[in-house]
Amino acid sequence: MNDSAKRQKLIKWFFIISFIGIGIYLLVFNFFQSKYISSNSYNKRLRNENADIIRGDIRDRNGVILASSKVYKNTIQRNYAYGRHFSHVIGYSGKALGSTGIEALYNQELSSANTIETIKSKAKGERIKGNTVKLTLDKILQTYSSELLKGKKGAIVALNPKTGEILALISKPDYNPSNVTENWSNLIEDKNSPLLNRAIDGIYPPGSIFKVITLSAALNNNLEKYEIACNGKINIGGYEIKDSNDKGHGQISLNKAFTLSCNSYFVSLGLKLGNNTMFNEATKYKFNKGIQGDIKSKVSSFTKKKDDKSLAQQSIGQGDVLITPIHAAAIAAIIANDGVLVSPYIVSEITNMDEKLIKSFKAKTGEKIINKDKAEIIKDMMVDVIQSGTGKSARIRGVSVAGKTGTAENPHGKPHSWFIGFAPSENPQIAIAVIVENGGSGGSIAAPIANKVMKKALVNIKK
Amino acid sequence: MFDILSWFYRYIFIFLLASFLLTSISIYFYEKKQFQPFLSVIIVVTAASSFALLSLFEEVIGYKAVYIGSIFCFQYIITRILFIKVLKIKDLLLFDTVNMLLAIGLVILYRLSPDYAIKQTMFALLGDITYFLVFYILRKIDLQKDYSKQLGIFILLTLIITQLWGVQISGSKNWIEIFSYRFQPSEFLKIIFIIYISTLFRKGINNNVLWRSSASIVIAAAFFALQRDLGSALIFFIVYLILLFVMDEQIYPTIISTTAAVVMAIISFHAFAHIKSRVEAWLNPWKYVSGKAYQVTQSLFAIASGGLLGTGLNLGSPKFIPAVHTDFIFSAICEETGIISGIIILLLLCMVTLIGLNFSTNCKDTNNKLICLGLSSMTGFQTLIIISGVLNIIPITGITLPFISYGGSSLLSQIMNIGILYFINTSEIGERNE
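Residues numbered from 1 in each chain as written. Chains lettered and ligands numbered in written order. Predicted model: local features only at pLDDT ≥ 70, side-chain atom pairs only at ≥ 80, totals over all residues. Heavy atoms only, no water.

K.L.:
Any chance you could explain the sheet that holds strand β8 (residues 132-135) of chain A here in plain terms?
P.N.:
Paired through backbone hydrogen bonds, the strands of a sheet run either parallel or antiparallel to each other. Residues and elements named next belong to chain A. Spatial strand order, β4-β3-β2-β8-β18-β19: 6 strands in an open sheet with mixed pairing. Since the sheet does not close on itself, it has two edges, and those belong to β4 (75-80) and β19 (357-360), each with one partner. Here strand β2 (residues 58-59) pairs with strand β3 (residues 65-72) via 2 bridges, running antiparallel. Its bridge partner being in β3, I58 is matched across the sheet by A67. (Pairing = 2+ DSSP bridges. Helix = DSSP H or I, 4+ residues; strand = E, 2+ residues; numbered from the N terminus.)

Spelled out as structure tokens, the structure:
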């Protein structure tokens, strides 16, 4: 065979591989992307109502109806039983505006039914009910948490750290899903962006809750014995970072620095670890990658920088590092779950109108982020934060709570108040992230809210 | 009632497509020539059943659909018989596959707008005549002679005429109007260009040949850039590179040309605003979802909404995509007849390309070999480029999907392409037998 014939053969193989490659891409597209693409609110198909099918129910983990449709004077009305408490999670569904949230993501399932049943009903000219989507959310916990955040701006995300089930997902300010169409212009012009689902799409500076990751990096790089003398501030090339109240902590160890959230210590620790190590640790914890779940969230970011000033800020969760509340909850869950991340998910089952199971979504197998022994050390330190540190206001009598507070400086006024944590520390049932925008210090605002939500969850949630 | 029928028909349609694919694979790879008649049966059944379904869409029976379906089947059978009897062609797999694609195209076009389907049927009838014209003309011409000068001048003149008197339609000034009939010279130039380059290359590649050919491609590309016909420029370049790659004894001319092409692509990205905006739309489709990426995101919505089986003919909303009947017809197919159908169509077009490449390897004569190689690579690349475009794997370029997209010039030039492939193949076989 001469050269030219060989090359012709090469061209042939090029075509075969490319064509089959695109075919495979189409399949991948269908199985992994099409759901998220077709639920985009710019897809005009979402506005076409299927006239023969009454949109199915959305229920909570115990079967409580959260959204349902019924025929009223020949028009189908969508009724949201708990209105504002679920506005962002469930979203809305309307002819003129399309839909968002679960209404958009599971539009296909809600507006279709068993093939044979549909044909039967079409032949008879009757309307039948679409499939039911069952969520992992708990109605009681959701409404309770929603009340706690009422009138504030912020988000709460509560997860089961072992399974990844999302128990509550709150974003405030909210809106009334029943009359979105009427209020549309007000809603989109509102400066507080009530339509934004802050729990998954809000990105915030994490502040001191990021110290969990700096701490994890220190443990992974054998710096657990690192100590400094803290005098209340630290100077990096002319830029000064202060501790809260400008008070020095004196000679301070890793455990104590974490418990008291000492900025000087963590800045100096971050600088010792270096840009690469910090960036890699953040990436391990899914910064710049995003946490994969059934609802897509914005990707938290940790920008790789070269200078010390940026690194100093990043080490304490300021500057070029941003996080979504759901990601913050996932970080708490990783520590709670012995260093293993189980992707959060919100839809547990799809059933047809006779409550026969069509599809069930089980927890994915987790991904190991850090070793169990390292997670154990972080956990103990997080318990200390609640026992004797900045998070005392999250204490629950008779239950060992673990947590970390954050007070994130930002250009919009008072600092954002953060809390992440889980309980009970020996056998975690709930992991949580709370953010109150411009709320003030984490220990005084977010921690008490988290405390109440965790208490409620421990009493209330059945496995 | 139509809903239910159309819903069930999805399965039948996919079954027909899949059996066509399997039969043609068994013929192509396992030489099961006895299966050939099955292909004809499947084509006729597909066209007849699809148009029967479409005719039921309105309350009154749509006679247009019935006519188009019958005319298609009729022209297919007649042309096939003439192929065997008059042109003495035995290997009809290529012809059958092309007609299957044509049938699918007509069905989708009718669904999008019956007027497109009516015109496309007329182009198909013209196409049948084209096959025989190609054979008639090529028999008169001695392909062994060196026509490169004449061809080169012809290409240059056509490009100049298009540039001077061209009509601008949907952003590209690559149309010519004669007696109120509009056509795209670039579609036919592609074929002539392949013959031209093949004639240049047939005696091997030396510096002189390399200079002449690369000057031609650069000039042609420059004209296409002026006419905003990005797709044609790309196809010309790729086909040129393929021919060069096969003929090139040292490898460096191909590498240099490829580098030059990449450099030109980068320059045009910076020089032309419309290219830049397409690249931006490709990189960030969701950012520009209501602006410059509108078309491609609508295409993704369509494909995503159809799923594996599709919504059923007339039950989806492919018309949300601008230019769905030409460049974006693949998205409409995926939405209404399913991604499985899309994949089968992709594989059928792959088959068309491979058969052409086989014709090329069977050629003794270098000129013929190169022409076949160029023509079939063109079909293959056109498919790859436009399908990757509508899937947003690469930026979108205005190229039609061979045999399926609406358009007289593109369909006729593609049929001409097949006609030339068949002519060369039969004449090569004839020579061997003598």
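K.L.:
Whenever I open this one, empty space enclosed by the protein confuses me. Can you help?
P.N.:
Any empty space left between the atoms is revealed when a probe the size of a water molecule rolls over them. Residue and element names in this part refer to chain B. Counted under the stated rule, the structure contains 5 cavities of 30 Å³ or more. Roughly 50 Å³ of volume is contained in the largest cavity. Looking at the largest cavity, the residues that line it are Q75, F95, V98, N99, L102, A124, D128, Y131 and I415. Of all the elements, helix α4 (residues 93-112) adds the most residues to the lining of the largest cavity, at 4 residues. In the lining of the largest cavity, the residues fall into 6 nonpolar, 2 polar and 1 charged. (1 Å grid on protein atoms, 1.4 Å probe; cavity = no way out; pocket = protein on both sides within 12 Å on 5 of 7 lines; lining within 4 Å. Points joined across faces, edges and corners; volume = space filled by probe spheres on them. Nonpolar A, V, L, I, M, F, W, Y, C, P; charged D, E, K, R; others polar.)

K.L.:
Where do I start with the pattern of salt bridges in this structure?
P.N.:
Two side chains carrying opposite charge are able to pair once their charged atoms lie near each other. All names here are of chain A. Inspection of the entire model under this criterion finds 20 salt bridges over all chains. In this structure, E103 engages R78 in a salt bridge whose closest nitrogen and oxygen atoms are separated by 2.8 Å. With E103 in helix α3 (residues 101-105) and R78 in strand β4, this residue pair connects regions lying 25 residues apart in the sequence. Since its relative accessible area comes to 0%, E103 is described here as buried. The buried category is assigned to R78, whose relative accessible area is 16%. (Salt bridge = Lys/Arg side-chain N within 4 Å of Asp/Glu carboxyl O. Buried < 20%, exposed > 50% of the residue type's maximum accessible area, 1.4 Å probe, protein only.)

K.L.:
I keep staring at the interface of chain B and chain A and nothing clicks. Help me out?
P.N.:
Counting residues at the interface gives 52 residues for chain B and 37 residues for chain A. In total, about 3900 Å² of surface goes out of reach between chain B and chain A, with carbon and sulfur atoms giving 75% of it. Three residues, W7, F301 and L384 of chain B, lead the burial of chain B against chain A; their summed loss comes to 14% of the area buried on that side. The interface formed by chain B and chain A contains 1 salt bridge. A salt bridge links R45 of chain A to E335 of chain B, with the nearest nitrogen and oxygen atoms 2.8 Å apart. Elements supplying a minimum of two residues to the side of chain B that touches chain A: α1 (2-30), α9 (230-247), α12 (294-306), α13 (329-362) and α14 (366-390) of chain B. It is α13 of chain B that contributes the most residues to the side of chain B that touches chain A, 14 residues altogether. When its residues are assigned to classes, the side of chain B that touches chain A shows 34 nonpolar, 13 polar and 5 charged. (Contact = heavy atoms within 4.5 Å. Buried area = accessible area lost by both parts, 1.4 Å probe.)

K.L.:
Sorry if this is basic, but what is going on with the nonpolar core here?
P.N.:
The nonpolar side chains of a soluble globular protein tend to be buried with one another. In terms of nonpolar packing, the biggest core is built from 145 residues, with F201, Y240, I418 and Y422 of chain B touching the most fellow members. The contacts of Y422 of chain B, once residues within four sequence positions are left out, are F83, I89, D91, L92, L93, L94, F95, F135 and F359 of chain B. Counting residues in each nonpolar core, the second largest holds 95 residues, with F86, L159, L223 and I350 of chain A among its members. (Core = buried A, V, L, I, M, F, W, Y, C linked by side-chain atoms within 4.5 Å.)

K.L.:
Please explain helix α10 (residues 252-271) of chain B as it appears in this structure.
P.N.:
Because each turn of an α-helix spans 3.6 residues, side chains separated by three or four positions in sequence point in the same direction. Residues and elements named next belong to chain B. Taking 1.5 Å as the rise per residue, α10 with 20 residues should run 28 Å; its terminal C-alpha atoms sit 28 Å apart, in good agreement. When α10 is considered as a whole, its buried residues turn out to be P253, T254, S257, A261 and S268. The buried residues of α10 all sit within an arc of 95° when viewed along its axis, so they share a single face. In α10, those exposed residues whose orientation departs by more than 90 degrees from the buried face are I256, I267 and H270. (Expected span 1.5 Å × (residues − 1). Arc of directions from axis to C-beta.)

Spatial relationships are all this shows, so hold off on functional conclusions.
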